[in-house]
Each structure stands twice: as structure tokens, then as C-alpha cells.
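The residues making up each chain are set out below.
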Amino acid sequence: MGETMTTGVDSERPGAGAPGGSEAFPDDGEASRDAFEVFRDDWGIPHLRAADALALARAQGYVTALDRAWQLETERHRLLGTSASCLGADAVDWDRFVRRARLADTARRCFGRLAPETAAWVGAYVDGVNDGLAEGASRAPEFAAVGRAPGRWEPWTPLGVWLSTHILFAGFPTKLWREEVAHRLGEDRMTLFATDGPGTAGSNGWLLSGERTASGAPILAGDPHRFIEAPGVYQQIRLACPEFDVVGLAVPGVPGIAHFGHTGGVAWAITNAMADYQDLYREQLRRTPDGGVEALGPDGWYRAHAHTETIEVAGADPETVEVIETDRGPVIIGGPDGASGGDPGDDRGDDRGDDRGGDQGGGPGDDRGDDRGGDQGGGPGDDQGGDQGGASGGDQGRDRGGDQGGGPDADASAEGPRAISLRHPPRVTGALGFDVLPALLRARTVDDLDTALDRWVEPVNVVLAADTAGGSLHRVAGHVPVRPDVNRLRVVPAEDPAYAWREGEAAPLPRTGAAGPGGIAVMANERGLATPLGVEFAPPHRARRIRELLGARTDWSPAAMAAVHTDTRLASSRPLLSLLAWAPGLGPAASRLRDRLLRWDRHMDADSTDATLYARLRTDVVHRLAGHPALKGVTGADDPWRSAAYPALFRPWLAAVPRIGYALESLLTVGPLPYEDRLAVVAASAEAVPAAAEETPPGPWGELHRLSPWQALPDPVPDGSDAEAVRPGLAGDHDCVLSTSGVPGVTDLFARGPAARYVWDLARREDSRWIVPFGASGVPGSAHHRDQTPLWARGALVPVVTDWDLLHPTTRHPEENPAMTAAEAATAGPAVPALRAAVHEQKVEGFGTVRLVPGDPAAGVGRRDGGVTEGGGRVWGVGGHTPGQVRGL
């Protein structure tokens, strides 16, 4: 038995599909602006279609509320600074920061400046969210756990979600770290821990022109690396109406598809540009007799905005926060009375570290921070890196005078203690770039996309795109202010007009229209296209390795992309292994360790015990470096992490051991330690590691290197093998293409990694593929809560199903959809006909491509037209038979 499949214009267009489809909001049979249809594939991924863009936006909001109600509630609280009201005292530090940074007020401003048609579109999405929240919350056990009902969304809430997701994206807390290094180790050491030598994980993206693919059409692929959250930070979705039909990865809580999408005519993807566009100003503030606040500016003292807010805390007393804003921006650290912005002795901190980082110390490198921080940059793991602005930037600082250094602890003036304010483009311009989002959905060519992206603001991204007409695009998109280079490096004085932004000006954004040398373009947060806009970038290892892999073939297909996604070569291991090779006076056990690691293929594979030994050696070296006198000013009792001058939220960026771990490559190459000292450190570690291995033999790397995602509230985790499935062990490491990043010297667990993977095929969109770490549903216990985890863990992807006839029309209740269990997912084959090898294929002009594929009764039973009991059963001649009887045919 075979199945005839049609793919192409007719089966993909919004009007195709099962007769009648499904309406979430029927209106007595009459057309309604709010009417839409919801279809789902075998993985529960929503495919939506509606009569127009507004109804479709409402559908997107509604379905997101059904699938991700608790996630939406979490994000709403985060942008409002009310997380502690649900999550307790651990969330106070985040709430305090959000209130002081005035994120909700900025979101309102940005919404007020949207074009009317964009505001209506965002409002329709919010209407859909509010329509679906009650039902979504009834299925989400977290609401009962905290004893709360979901709150109502405002029209500007999606803009606030976007802001809170990306406020730490450019890594401004890294400037606090540089100030501390300059103050403690000297101005010439300010960029000592820059990450162009060692860096953390980051996003990957690559574009192959038709000359390198089997189909002759471009392929665009990659994976955003950021802090992995459960539910996931990306939502697989399809949005279709008469104007457009787009598949992509949406951000729950935000309408449209911003970062990764395929319209059929053009596909695009992004990585963090590693640009620096947020500045920190050292303010002088004083209290007035009436209780107000004054700030010192270029023209003298003036009245600053100030008011007080109350933070409700579950299980504890409310806390107050004073919100102050100067002409530079909101004050986020310190104040007129000397407070840091949090209880100086308070070690609470949001368990996410930098915004999603947790105690791993990894917050600082978030690719969100990639993409949640995302490509979030900053802190010990800053994905950013470099030489640029190194010595020259330090010299600029010295030329400006000694007033630049020292951070908030530096000599307070006679007028009062210092404070630090944050200046960033959305607060200054009143724009986020949301007017671009509907234009992306309507894009048909790279020229359409390029024109739309000219108005993008936050965050600053590198974009790769290609279209079916042969066009390609490689550019930077976003708003980078024009100001002195030293602003990028460190905290600068607010009262000096030399450090002001040039009003109304933005830095020119680099671009190129070509796919790149040899038909290959790569973006991996490295120093490249965006070099003029940043300070620190990711090391070049991932980008070089991706180019090396892609350059080896000219017959690439979507299915072959997994070999690139999952590559585990760790090029950054070279300096440590080189020193190990020359380490003097090693004993017998250390010599055996040396010989074993020098024979190692340098792949951080999950089943490799050599990879585990290397990780142990690296950890020991990191801690020995932390104890070396050359770094004493920022380690041990002098670690800036211990300073009470900063709110606890920023402490992950100020922790020395993660900084040393991520900077290991450069510290072992050109750092402050003499070569002989570096050899001695590595030799001592080589002696220590075998001794420890006698007590604890090294297991496979994948047993130690396990996923540790952030969750607002943890799922109940079952014991036994199911628990391991929830926290899978993976291959990879922070400088591998498979960038699963722990914190060297701190933990082998990883919270950062591929938050999604995608392959966009410009020849046949239906051959595109995608995957997320968990599933389409955020509801614990749902069939689609974690059904993609086994495939994600082994590097597989699921098909992007674009033929409406292969989708399941659903009612308003997503759990009525056929599901694949986790066990089935782990061994899933090509159950979807589109993935089966065709025995015959023919393109019919004006109709599409007809493919004859082998039938699979077991896969088809219960899927099409009600299975064997309804219309489909009669068509196939099996009406009246049970599913079991049909499977036996």
C-alpha cells in the first residue's frame, strides 16, 4: 500500500486542508474577524490560519495562552517587577532591578510610539492572550502551587516581555567587572579577562549558497544558544493568512516571528552581534531638604525624577525601592543615601544569576543575554571577547583623566556617594523596533527583509537571509549610539559632557549581500562583520570549525545539517594541552595522564572518558590560577563578587573563578603569569588529577555534563530513568559547535546550550526542520511537554510540516490532539509521510510536487480524517475495521 502526497502551492496555501477545518471562535457560521483555525502536527506544534493578520495575531496569543499560560504569567511578573509576590524572597533582587530600570514604563513609551496598525496588531495578540489565559491556567498546576490566578495583559505587555528578556543582552555588567580589574590590578589589566581567547557558548548560524547544496538552492541553518528554560524560550509555530504563510520560532508573549523564520520566499536567522549599545554613568546624587533627589550634570545640579514603589514578597514583609532617573537614565546601583540598590549584606539573588544564569555563574554569558540575554553577553561568561578597545581603550580612559575608574566604591565626592545609571536605546528613543515584526511576516525577498530591518532597534543582531530568487543578505540590524569609545569599556562620569551620546545619531551598520567565500557565510558571535560596534566577541573557534565542516562538501541537504549542529571538536583545549606536553618533572601517573590526553581526539563526546579527564584537569588549573599571586587582587577575599557595593543580581558578572575559567585560553597564552609559572601550574594539576581519579574513576562525559534548565517553579521530577530523561547528559562544551556550556572551574552541569535548532530549506520549505529542548506545551504532564527532548539530546530534528492535509485540525483544547510519547519519540522514525523516501516523485506545473511514498498503517491509524472509523476509513476501504486490524494489514 502506498500514499500519494501532494506538496506545493495548493497544499501549503492557507485555504487548503480538511473541509471545514476548525474554528476557535465560531460566529454562527458567519465570517468573523476573530475566527481562526488551529491545526497541530504530531508534535503538538500549532499551525494557525485566519482571515486576516489581526485575527491571526489574536490566534497566536490565544494558542500561546493555552500552551504556555504559566510561562506567560512568569514573564508578565518579570517585566513588572512583581515576581517576588509569587516566588518569594529569592526574586526580590530581580524585581528591584526591573523597578529601578523602569522597564514597564519604557514598554509603555515604546507602545505609545508604534504605528497605529502595529499597535492594533500587538493589541490583537494581547486580546488573544487574555481570551485564553483562564483555560490555559486551569491546565497549569503552577497556578495552584502559588495560589494565584493569571493577571490580565495590557496592550504594551509584549514590549515589556521583550525588554525584560533582552535588558542584559549586551552585558553592561561586564563594565563593572572591568572597573574592578582596573582598580585592583591596574589600568593596563582592564581587558585581561576578555573572551576573544576563551569565551563562553554562543549562537551559531550559517548560510550555504546553491553551489554547495544538493538541491541547488540555499540552506540556512543554526542554533541559538542561551540559557535554557523550561518551558522553552522559543515556540515553534506557523502563522498563515491570505497575506502571508510563515513558519518560525516565536518568543512566547511576543507576536509574530522575530528571529528565525521562513515565509516560503525568504528565510532569515540571527545571532547576537556582540555590539555594545548600553552605557553606565557614574552619577553624583544628593538628597534635598524636602526628600527629593538632585543629580550633578554638565550644567550643574538639577532635580532628578524620584519616587518610591513597594515590592510585595510572598512569605515575607514588603520591601520598598526608590526609583530615580537622571538625564542619562534610570539609576540601577546606589543612590543619594549610599545604598547599592539592595541590602548590602543580602546574598539572595535571583537564582537565574544574570537573568537566567543561576548559581552556575553563567548568567553573564547568556546568548539571551543569543538570544535571552541571548546571545546575552556579559559577565564571567561574556560571549563577547576582546582586544579591540584593550590597550587603546585603556589609554583613552587615562587620557580623559583619573575620574573614570573605580566603580561605585571609588572616592565619593564631598557632595555625596556615587551611583550608577543605565542608558540604553529603547529608553532614549522610545522604540524597540516592533514596527518591523509585521513587515518580516510579509517579506518575500531579502530586499523586503533588508528594508524592514533598517528600523530594528533592540537587541543588535547579525542577520543571515536568503530567498528563492537567489538573493542573500548578511548584515547587522539594531541601534548602536554614537559616543566615545571609552563608554564601551567602562563606567564614565555623568557630569562630563565628553561622554554624552550624539543626539539623534546611530552608528552605521555593516552589511554585505554576498553569501561569502565559497558560497558559505557563518555567524557565531565572533569578531567579524560587527567588529566596529563591540569590545569583546566570542573566540573564533566555532566559526572556523563550522566553515571547515561546510567546506568539505558541495552536496549538503537539510538532513545532513545535524553533523554540523552536533560537532564536538574543542579547539580551545590547545593551550592547556600544549603546556601539558612540556610540563617538567611529571611523575608516572601524571605522565600517563599527559600521554592519554595528548592522544585524545579533542572531541567532547558524551561517551568519552578522556573528555571527562580533560574537564577535571581544566577545573584544577582554573582553581590554581585563582590562587596565584598575579591575580590576587581579584580572587579569594578580594573577589569582587564579595563586594557589598553592588546589588546581588550583578554578582555573577563579578565572580573571579568563572572569569578565569572562561578566559583560560588567553591566561595560559598571554596572561600575567610568566611562562614558567604557567608550566608549573599545569604540572601541579597533572599530578593532582590522577590522584583524585584513583578514588573516583572518570565516567563518560555525558554522565557529568547534564542539562540544568532554569524554571520559575520546578516540575515534580520522577525517580529513576525518567528523571534522567528530564535532565539528559549531552556531548559538547562551551567552545564546541555543540555549545553546551557549563562554567569551567565551577560546574560541569550546563544551563546554556541550543535553545532551538533550525534548518530552513529554500528549495522545498517542507524539507525544513526544527527542534526545541522540551516540547510545544508548557504544561507538565502534557503529551507534548517534553516529547522533543530525546531527539534534541541526540541532535535530531523534527519535520516542518507545511501540507495542511498532513496536520490535525483541533478544537480549542490542545490535548485532544494525537500525541507521541517520550518512548516513541526516542526511537521515532519517519512516521510523517513527508519524511519517507519517495519511490516516485514528479513536479506538476501549477499543482505542486506529487510524491509516492510507502504506506505506514501504524503511523496513519487515527491520524487522517478520524482514522478508520470516519471518512478516511471509507476512502481507503477499511471502514468498520478496528485500528488494531488495520495495523495488521
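That block above? That's the structure.
Residues numbered from 1 in each chain as written. Predicted model: local features only at pLDDT ≥ 70, side-chain atom pairs only at ≥ 80, totals over all residues. Heavy atoms only, no water.

### Observations concerning the environment of D279
Okay, so step 1: Note that D279 resides in strand β11 (residues 279-287).
Okay, so step 2: Judged by its relative accessible area of 0%, D279 falls in the buried class.
Okay, so step 3: Each C-alpha atom, one on D279 and one on R328, is 9.1 Å from the other, the two residues being 49 residues apart in sequence.
Okay, so step 4: Setting aside residues no more than four positions away along its own chain, D279 makes contact with K175, S421, L422, R423, R483, N487 and W501. (Helix = DSSP H or I, 4+ residues; strand = E, 2+ residues; numbered from the N terminus. Buried < 20%, exposed > 50% of the residue type's maximum accessible area, 1.4 Å probe, protein only. Contact = heavy atoms within 4.5 Å.)

### A look at the sheet that holds strand β20 (residues 472-477)
Okay, so step 1: A sheet is described by the order of its strands in space; here 10 strands give the open sequence β22-β20-β19-β10-β9-β8-β7-β3-β2-β29, paired in mixed fashion. Only two strands of the sheet have a single neighbouring strand rather than two, namely β22 (511-512) and β29 (808-809).
Okay, so step 2: The sheet contact formed by strand β3 (residues 46-50) and strand β7 (residues 235-241) spans three bridges and is parallel. Paired with L48 across the two strands is L239, which belongs to β7.
Okay, so step 3: Taken strand by strand, helix α2 (residues 53-80) contacts β2 (36-40), β3, β7 and β8 (244-250), and its axis lies near 150° from that of β3.
Okay, so step 4: This element, helix α13 (residues 446-453), spans β10 (266-272), β19 (461-467), β20 and β22 of the sheet and lies at about 5° to β20. (Pairing = 2+ DSSP bridges. Axes fitted to C-alpha atoms, helices over the stretch in contact; angles between N-to-C directions.)

### Focus on α13
Structural remark: α-helix, 3.6 residues per turn; residues separated by three or four positions point the same way.
Okay, so step 1: For α13, the full list of buried residues reads V446, L449, D450, A452 and L453. For α13, the angular spread of the buried residues around the axis is 165°, confining them to a single face. Across α13 from its buried face, at more than 90 degrees, point the exposed residues D447 and T451. (Arc of directions from axis to C-beta.)

### Description of the nonpolar core
Across soluble globular proteins, nonpolar side chains have a tendency to be buried as a group.
Okay, so step 1: Ranked by internal contacts, the top residues of the largest apolar core, which has 142 residues, are L159, F434 and W760.
Okay, so step 2: It is α2 that provides the largest number of residues to this core, a total of 13 residues.
Okay, so step 3: With 63 residues, the next largest nonpolar core counts L103, L176, I420 and A656 among its residues. (Core = buried A, V, L, I, M, F, W, Y, C linked by side-chain atoms within 4.5 Å.)

### Here we look at the sheet that holds strand β6 (residues 225-227)
Okay, so step 1: An order of β6-β25-β24 is seen for the three strands of this open sheet, with the pairing classed as antiparallel. With partners counted over all chains shown, the strands left at the sheet margins are β6 and β24 (741-743), one partner each. When the angles between neighbouring strand axes are averaged without regard to direction, this sheet yields 50°.
Okay, so step 2: Pairing geometry for β6 and strand β25 (residues 747-754), over three bridges, is antiparallel. Its bridge partner being in β25, R226 is matched across the sheet by G753.

### Quick word on unusual backbone geometry
Okay, so step 1: Cis geometry marks the peptide bond from A230 to P231; its omega dihedral reads 0°.
Okay, so step 2: Tracing the chain through its elements places P231 in the loop between β6 and β7.
Okay, so step 3: Cis geometry marks the peptide bond from E458 to P459; its omega dihedral reads -5°.
Okay, so step 4: Relative to the elements of secondary structure, P459 occurs in the loop between α13 and β19.
Okay, so step 5: In this structure, M274 is a non-glycine residue whose phi angle is positive, near 65°.

### Structural notes on empty space enclosed by the protein
Okay, so step 1: Of the volumes computed, that of the largest cavity is approximately 90 Å³.
Okay, so step 2: Contributing to the lining of the largest cavity are 12 residues, with S572, Y614, R618, L664 and E665 lying nearest its centre.
Okay, so step 3: For the lining of the largest cavity, the secondary structure elements donating two or more residues are α19 (609-626) and α21 (664-667).
Okay, so step 4: The residue inventory of the lining of the largest cavity, partitioned by class, reads six nonpolar, three polar and three charged.
Okay, so step 5: Estimates place the volume of the second largest cavity at around 70 Å³.
Okay, so step 6: In terms of lining, the second largest cavity is formed by 10 residues, of which the most central are Q71, T74, E229, P231 and W710.
Okay, so step 7: For the lining of the second largest cavity, a count of residues per class yields five nonpolar, two polar and three charged. (1 Å grid on protein atoms, 1.4 Å probe; cavity = no way out; pocket = protein on both sides within 12 Å on 5 of 7 lines; lining within 4 Å. Points joined across faces, edges and corners; volume = space filled by probe spheres on them. Nonpolar A, V, L, I, M, F, W, Y, C, P; charged D, E, K, R; others polar.)

### Side note on the packing of helix α17 (residues 574-582) against α19
When two helices pack together, their arrangement is given by the angle between the helix axes and the distance between those axes.
Okay, so step 1: Where α17 contacts α19, the axes come no closer than 11 Å and their chain directions differ by 85°. Overall, the two elements α17 and α19 adopt an arrangement that is roughly perpendicular. Where α17 approaches α19, its residues L576, L577 and L580 are matched on the opposing element by Y614, L617, R618 and V621.
Okay, so step 2: For the contact of α17 with α19, the residue count by class is six nonpolar, no polar and one charged. (Parallel < 35°, antiparallel > 145°, perpendicular 65-115°, else oblique.)

### Points about the environment of G147
Okay, so step 1: With respect to the helices and strands, G147 occurs in the loop between α7 (141-146) and α8 (157-166).
Okay, so step 2: A relative accessible area of 61% places G147 in the exposed class.
Okay, so step 3: The spacing of G147 and C86 is 61 residues in sequence and 8.3 Å in space, taken between C-alpha atoms.

### A word on the packing of aromatic side chains
Okay, so step 1: All chains considered together, the criterion is met by 16 aromatic pairs.
Okay, so step 2: Ring geometry for F36 against Y62: centres 5.7 Å apart, planes inclined by 55°, an arrangement best described as tilted. Of this pair, F36 sits in strand β2 while Y62 sits in helix α2, and the two are 26 residues apart along the sequence.
Okay, so step 3: A residue is classified by how much of its surface remains accessible, and F36, at 1% relative accessible area, is buried. (Phe/Tyr/Trp six-rings, centres within 6.5 Å; stacked < 30°, edge-to-face > 60°.)

### What to know about the pattern of salt bridges
Okay, so step 1: Counted by the stated rule, this structure contains 43 salt bridges.
Okay, so step 2: Two residues, R99 and E309, come together in a salt bridge whose shortest N-O distance is 3.0 Å. Of this pair, R99 sits in helix α4 (residues 92-101) while E309 sits in strand β13 (residues 300-311), placing them 210 residues apart in sequence.
Okay, so step 3: Two residues, R303 and D290, come together in a salt bridge whose shortest N-O distance is 3.1 Å. Placement of R303 in strand β13 and of D290 in the loop between β11 and β12 (293-297) is noted, with a sequence separation of 13 residues between them.
Okay, so step 4: Classification of D290 by relative accessible area gives exposed; the value is 57%. (Salt bridge = Lys/Arg side-chain N within 4 Å of Asp/Glu carboxyl O.)

### With respect to the pairing of β11
Okay, so step 1: Counted residue by residue, β11 has seven buried out of nine residues, so it is predominantly covered.
Okay, so step 2: By the bridge criterion, six bridges tie β11 to strand β18 (residues 418-423) in an arrangement that is antiparallel. Among the inter-strand pairings, E283 is bridged to a residue of β18, identified as A419.
Okay, so step 3: Bridge count between β11 and strand β21 (residues 492-493): two bridges; the pairing is parallel. Bridged to Y281 within β21 is V492.
Okay, so step 4: Direction of pairing for β11 relative to β12: antiparallel, over a ladder of three bridges. Each bridged residue has a counterpart across the sheet, and for R287 the counterpart in β12 is V293.

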